[in-house]
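# Structural description and commentary
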There are 2 protein chains.
Amino acid sequence: MASAANQVFIAVVGAGGVGKSFLSQLQALATRRPSPKLTLCYISTSKKALFNDDYSEISIDTAIDALAASTKTPPELSQVIEYLAAAPAKTILVDNTSSQDVADKYPLALSRGVSIVTPNKKAFSGSYQLWKDIFIAATASGAKVYHESSVGAGLPVISTLKDLVDTGDKVTKIEGVFSGTMSFLFNSFAPTEGQGGKWSDEVKKAKALGYTEPDPRDDLNGLDVARKLTILARLAGLPVESPTSFPVQSLIPKELETCTSGDEFLEKLPAFDTQMEETKAAAEKAGKVVRFVGSIDVAANAVKVGLQEFDRSHPIAALKGSDNIISFYTERYGSNPLIVQGAGAGGDVTAMGVTADLIKVISQFS
Amino acid sequence: MASAANQVFIAVVGAGGVGKSFLSQLQALATRRPSPKLTLCYISTSKKALFNDDYSEISIDTAIDALAASTKTPPELSQVIEYLAAAPAKTILVDNTSSQDVADKYPLALSRGVSIVTPNKKAFSGSYQLWKDIFIAATASGAKVYHESSVGAGLPVISTLKDLVDTGDKVTKIEGVFSGTMSFLFNSFAPTEGQGGKWSDEVKKAKALGYTEPDPRDDLNGLDVARKLTILARLAGLPVESPTSFPVQSLIPKELETCTSGDEFLEKLPAFDTQMEETKAAAEKAGKVVRFVGSIDVAANAVKVGLQEFDRSHPIAALKGSDNIISFYTERYGSNPLIVQGAGAGGDVTAMGVTADLIKVISQFS
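A quick note: this is a predicted structure, and the numbers were derived from the prediction, not measured.

### Some points on helix H9 (residues 180-189) of chain B
- Most of H9 of chain B is tucked away, with 10 of its 10 residues classed as buried.
- You can read the cap of H9 of chain B off the contacts: a side-chain oxygen lies 3.3 Å from the backbone nitrogen of Thr181 of chain B, and it is on Ser179 of chain B.

Listed below in structure tokens is the structure:
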């Protein structure tokens, strides 16, 4: 076994789209940079796990197949954490799930010296108590916790906000389009040029293209955006209690909240197209377009998520495809914000944020 | 004296606009984060220096006044580096000058274990040999070298490009407006709406507002943009020999190259307004506007700087004030680039990039 100082153990939880992209990036990274030696010692899905009691290496490039062939079921997470904490070198837990159960264990992992890298929003947008527990545990043990991809996937959003705050700038407002799904829907439904389609047709098209969750209501309820706003607001210094503690506009008609399936919802949605059509027409009358945005007014301690009208020439109106855009208004940057824009979803760019975080954590080990 | 593991010595070279903003951010940082203890042990301008042989602390908040009152002249840079290398804890040299002489000493500093943080473009855009020497020295000693503010001031440009490359993405093209001066000039001279002023009037206005160098030709010759492109191209993997080894369009009329002063240049410039007026009119005829941009085509190994026409709805055309915009086209991001936009010049935002880099280097010490 290599010497502890020159080795880092990596445990991966979750092997879906992001998990697979991450493993492929990890494999390439380990090849390009032989030092420190990156040793995959644990990988699991919700059903299966793969690890060796003596921490011997799992080959990264065959890990997915080996995991599928494994007969082990995943141990309790607290046991996994003890296993990692007892490893003969520094360890990083890469959480590629969107599980609240895994997120709830971050304080334990961090307190045991296990660093965390993750795109999972749940830990940072759940209860404010969990948020505090995570950072208190990290400060106490010196373990690191990085979560760039929890907002805007691989776009430099979290790191930029942290740099602004850490260098003493005063963030006054954060505003943007934080959901690739919502971006695609409104760029098609209410384009800056041309007519756009019917709302229900656009929702169906987005689902067919794989731009929505399996049940589109999980996008349309606004909670995903509310979670991202919660994270950014907390980083900007606001003690937001939870993603449901501020106004969030849901685009699910009240009458369809009780549908028992996404399919039933999509079938009944056309009957409510006139509501969205009226919203669009009202904006058009004012020479504007409607967009689904989130905003944080730091001074007023006000966070909100919902529909808003924008001039056609506004960067938020001019967005393309399923891109995200995030504008940071600060004291130093004055009236023109610092803007970050680009794809905010997708396995490869989400994994990129995770891998970049991993590199940053490792650079602090040596 | 605090224990070495919990202390970092900081030497600052340069005390102009950026240097002063940096010191004020450093003071605030040291107050907010008492550990590790940040000890300012050296500060100098080209004429004066302030330091104590026993490395005892220089008070940050009175450093500028104390430096002005100092009777010491700056020692040779190589002596300063030896002084820092012999300090009883890790040291960081913050180069807030734009001096080639200081830049030339980076390999020596890094080889002696002194880390470097700087907005100075000269080291990274000079000869390719100097570039190689810097990173070879850093790799060998483990000392760090960070230079976010060398392109786009505090905007996350260098860090974003590094993350893309380090995680294995393939950057295909980088394009943008890299000069606040050029941005302001063309946003006023050829606005997307309305007429815009005469070219020579806009140059005079930009100078009056402090948006140009004392001699505006230092902006109009395109070399500042060429230096930034050189840095980004090298980070993207192209072995660019120097900022004059690729096509750079100068906006200084040939006949005015020999003017002996910026004032003489400004006086004679109106006689050449028709040249720029024709360029603007040609773009307008095609429904476009003209902008001064830099671009790097990685596959074609082609870097160029100069005037280019853009559709009025293009993000580069729609830029405001003196903002920069940088678009990264990559394999993972596909047809819609990752875009970073905002103020790319000014003491406070430049110093912000320096301070953020300093924080990152310090985080790798503990």
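Anyway, onward from the coordinates.
### So, the packing of aromatic side chains
Residue and element names in this part refer to chain A.
- By the definition in use, this model includes 26 aromatic pairs over all chains.
- Between Tyr106 and Phe124 the ring centres are 6.0 Å apart and the planes differ by 45°, which places this aromatic pair in the tilted class. In this pair, Tyr106 is assigned in helix H5 (residues 106-111) and Phe124 in helix H6 (residues 122-125), connecting sequence segments 18 residues apart. As far as burial versus exposure is concerned, Tyr106 and Phe124 are alike and both buried.
- We note Lys162 situated over the ring of Tyr146; from NZ or CZ to the ring centre the distance is 5.1 Å.

### Overview of the pattern of salt bridges
Residue and element names in this part refer to chain A.
- Inspection of every chain in the model, using the stated rule, returns 20 salt bridges over all chains.
- Residue Asp215 is joined to Arg217 by a salt bridge in which the shortest nitrogen-to-oxygen separation is 2.8 Å.
- Through salt bridges that share partners, Lys121, Asp224 and Lys228 make up one connected network.

### Quick notes on the UniProt feature "domain: Homoserine dehydrogenase catalytic" (unreviewed entry) in chain A
- Sequence positions flagged by UniProt for "domain: Homoserine dehydrogenase catalytic" (unreviewed entry) are, in local numbering, residues 156-359 of chain A.
- From the first C-alpha to the last, residues 156-359 of chain A spans 15 Å; its make-up is 39% helix and 20% strand.

### So, the relation of the copies chain B and chain A
- Overlaying chain B with chain A gives an RMSD of 0.0 Å, the required rotation being 180° about an axis along which the chain moves by 0.0 Å. The symmetry that links the two subunits is that of a two-fold axis.
- Counting the interface residues of chain B, we find that 100% of their copies in chain A are interface residues as well, pointing to one common contact surface.

### Observations concerning the pairing of strand S2 (residues 37-44) of chain B
Residue and element names in this part refer to chain B.
- Most of S2 is tucked away, with seven of its eight residues classed as buried.
- Sheet topology places strand S1 (residues 7-13) next to S2; seven bridges connect them, and they run parallel. Residue pairing across strands places Ala11 opposite Tyr42, the latter belonging to S2.
- In the sheet, S2 pairs with strand S3 (residues 49-51) via three bridges, with the strands oriented antiparallel. From the neighbouring strand, Ser44 faces S3, where its bridge partner is Ala49.
- Counting the residues between successive antiparallel strands, the hairpin from S2 to S3 contains four residues.

What counts, and at which threshold
- Residues numbered from 1 in each chain as written.
- Chains lettered and ligands numbered in written order.
- Predicted model: local features only at pLDDT ≥ 70, side-chain atom pairs only at ≥ 80, totals over all residues.
- Heavy atoms only, no water.
- Buried < 20%, exposed > 50% of the residue type's maximum accessible area, 1.4 Å probe, protein only.
- Helix = DSSP H or I, 4+ residues; strand = E, 2+ residues; numbered from the N terminus.
- Polar contact = N/O pair within 3.5 Å; in protein donor to acceptor, adjacent residues only side chain to side chain.
- Phe/Tyr/Trp six-rings, centres within 6.5 Å; stacked < 30°, edge-to-face > 60°.
- Lys NZ or Arg CZ within 6 Å of the ring centre and 35° of its normal.
- Salt bridge = Lys/Arg side-chain N within 4 Å of Asp/Glu carboxyl O.
- UniProt positions renumbered as here; feature names shortened; annotations may be inferred.
- Least-squares fit on C-alpha atoms with pLDDT ≥ 70 in both.
- Contact = heavy atoms within 4.5 Å.
- Pairing = 2+ DSSP bridges.

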